[in-house]
Amino acid sequence: MQDLDLGEVEEKDWKCATFKQMVDLTEKTDEVIKAWGEGNAASFKGNAAKIDEAVTNLLDLEKKARLGGDMKNTMRLALEILKLLATVEQYSKVVDCVELLMKRRAQAKSVQVALIKTAKHSIDSAPKDQSVSLIKRLRDICQGKLHVELEFAQLSVELSV
């Protein structure tokens, strides 16, 4: 029986799976957040086209950061999108963005947990009749994902009360 060198197997099997930060988009992230972030939400209120443009710009940079391994800025951008939408009181779009970002390829589990927590916090300020359906949708997004099991349980308790 031939001995197998584990170093060769790991390098061959994990060659394309990198967890290193390949790009640093901190400066670009700061610029985009300053131009399109939550701080400018007051000027976007009532202008759906401006809000969609801001979300699109933030999502574009989030993709570059996520695929470049820049998890810090990926989280900043993802949370900024949710904060922007919550500030302009578009709670259904908050949940839509959570669902979109949770399904994205190579999305870090820590980012997913932060998304659910932020969305849950944002929904607390939604009107009561709207919040029940939003909580159900968030709960459906969390269903079957082990890393957001605590948030799923909290949403279930909140729904039952």
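Computed from a prediction, not measured in an experiment: that's the story for all the values here. Starting from 1, residues in each chain are numbered consecutively following that chain's sequence as written. At least 70 in pLDDT is required for a residue's local features to be given in this predicted model, at least 80 for side-chain atom pairs to be given and counted, and no such filter applies to totals for whole chains, interfaces and linings, which use all residues. Hydrogens and waters are ignored; side-chain quantities use all the structure's heavy atoms.

Strands here mean DSSP runs of E at least two residues long; helices mean DSSP runs of H or I at least four residues long; both are numbered from the N terminus. If you tally the helices and strands in the protein chain, you get nine helices and zero strands. Values of accessible area rely on a 1.4 Å probe in the Shrake-Rupley scheme; residue burial ignores everything except the protein chains shown. For the protein chain, the accessible area works out to roughly 9,900 Å², and carbon and sulfur atoms hold 53% of it.

Following both chains from N to C, one finds helix H7 (residues 109–123) and helix H9 (residues 149–160) inclined at 20°, their axes separated by 10 Å at the closest point. Between H7 and H9, the interaxial angle falls into the category roughly parallel. Pair H7 / H9 crosses with left-handed handedness. Counting all contacts with H7, which are made through Val113, Ile116, Lys117 and Lys120, the residues of H9 involved are Glu151, Gln154, Leu155 and Glu158. A fitted line through C-alpha atoms represents every axis, and for helices the fit uses only the stretch in contact; the resulting angles, taken between N-to-C directions, go from 0 to 180 degrees. Relative orientations are named as follows: roughly parallel for angles under 35 degrees, roughly antiparallel for angles over 145 degrees, roughly perpendicular for angles from 65 to 115 degrees, and oblique for any other angle. Handedness of a helix crossing follows the sense of rotation of the near helix relative to the far helix, less than a right angle counterclockwise being left-handed and clockwise being right-handed. When checking whether two residues touch, look at their non-hydrogen atoms; a contact exists if any pair is within 4.5 Å.

Another aspect to go through is the confidence of the model for the protein chain. Summarising the model, the protein chain shows a mean pLDDT of 87, and 88% of its residues fall at 70 or more. A score from 0 to 100, pLDDT tells how confident the predictor is in each residue. Low confidence marks residues 1–15, where pLDDT is under 50. Its contacts with residues over four positions away, or in another chain, come to two contacts.

Excluding glycine, most residues fall at negative phi; most peptide bonds, likewise, are trans. Even without being glycine, Glu89 reaches a positive phi, approximately 60°. The residue Glu89 is located in the loop between helix H5 (71–87) and helix H6 (91–103) in this model. You will see that Ala106, though not glycine, has its phi angle at about 65°, which is positive. Relative to the assigned elements, Ala106 resides in the loop between H6 and H7.

Looking now at the side chain of Arg66. Along the polypeptide, Arg66 turns up in helix H4 (residues 48–67). Each residue gets one of three labels from its accessible area relative to the maximum for its type: buried under 20%, exposed over 50%, partly exposed in between, using a 1.4 Å probe on protein chains only. Note on Arg66: relative accessible area 6%, which makes it buried. With residues up to four places along the chain from it excluded, the contact list for Arg66 reads Met71, Thr74, Arg104, Arg105, Ala106 and Gln107.

What follows covers the side chain of Gln107. Relative to the helices and strands, Gln107 is located in the loop between H6 and H7. Counted as a polar contact is a pair of N or O atoms within 3.5 Å, where, for protein atoms, one must be capable of donating a hydrogen and the other of accepting one, and residues adjacent in sequence contribute only when both atoms are in side chains. Polar side-chain contacts of Gln107 include one of 3.2 Å to the side chain of Glu62. Beyond its immediate sequence surroundings of up to four residues, Gln107 is in contact with Glu62, Arg66, Thr74, Leu101 and Gln112.

Its location among the elements puts Gln143 in the loop between helix H8 (128–142) and H9. Look at Gln143 and you get partly exposed, because its relative accessible area is 47%. On a C-alpha basis, the gap between Gln143 and Ala153 in space is 9.8 Å, while along the polypeptide they are 10 residues apart.

Position of Leu58 relative to the elements: it lies in helix H4. A relative accessible area of 0% means that Leu58 is categorised as buried. Residues Leu58 and Leu77, 19 residues apart in the sequence, show an inter-C-alpha distance of 6.2 Å. The contacts of Leu58, once residues within four sequence positions are left out, are Val32, Ile33, Trp36, Leu77, Glu80, Ile81 and Leu84.

Attention now goes to the nonpolar core. By nonpolar core we mean a set of buried residues, namely Ala, Val, Leu, Ile, Met, Phe, Trp, Tyr and Cys, connected to one another through side-chain atoms within 4.5 Å. Of all hydrophobic cores here, the largest spans 46 residues; its most connected members are Val55, Leu58, Val98, Leu115, Ile116 and Leu138. Breaking this core down by element, the ones donating at least two residues are helix H2 (26–36), helix H3 (41–44), H4, H5, H6, H7, H8 and H9. The greatest single-element share of this core, amounting to eight residues, is contributed by H5. Apart from the residues within four sequence positions on either side, Leu138 is in contact with Val95, Val98, Ile116, Ala119, Lys120, Ile123 and Leu155.

Our next topic: the pattern of salt bridges. In the sections that follow, a salt bridge refers to a side-chain nitrogen of Lys or Arg positioned within 4 Å of a carboxyl oxygen of Asp or Glu. Across all of its chains, the model carries seven salt bridges by this definition. Residue Asp52 pairs with Lys93 through a salt bridge whose shortest N-O separation is 2.8 Å. One end of the pair, Asp52, is in helix H4; the other, Lys93, is in helix H6, and 41 residues separate them in sequence. Relative accessible area serves as the criterion here: at 36%, Asp52 is assigned to the partly exposed category. For Lys117, the salt bridge identified is with Glu151, shortest N-O distance 3.9 Å. Remark: Glu151 occurs in helix H9 and Lys117 occurs in helix H7; sequence separation between them is 34 residues. By relative accessible area, Lys117 is classed as partly exposed at 47%. For Glu151, a relative accessible area of 2% translates into the label buried. Several salt bridges share partner residues, and in doing so they unite Glu62, Arg66 and Arg104 into one network.

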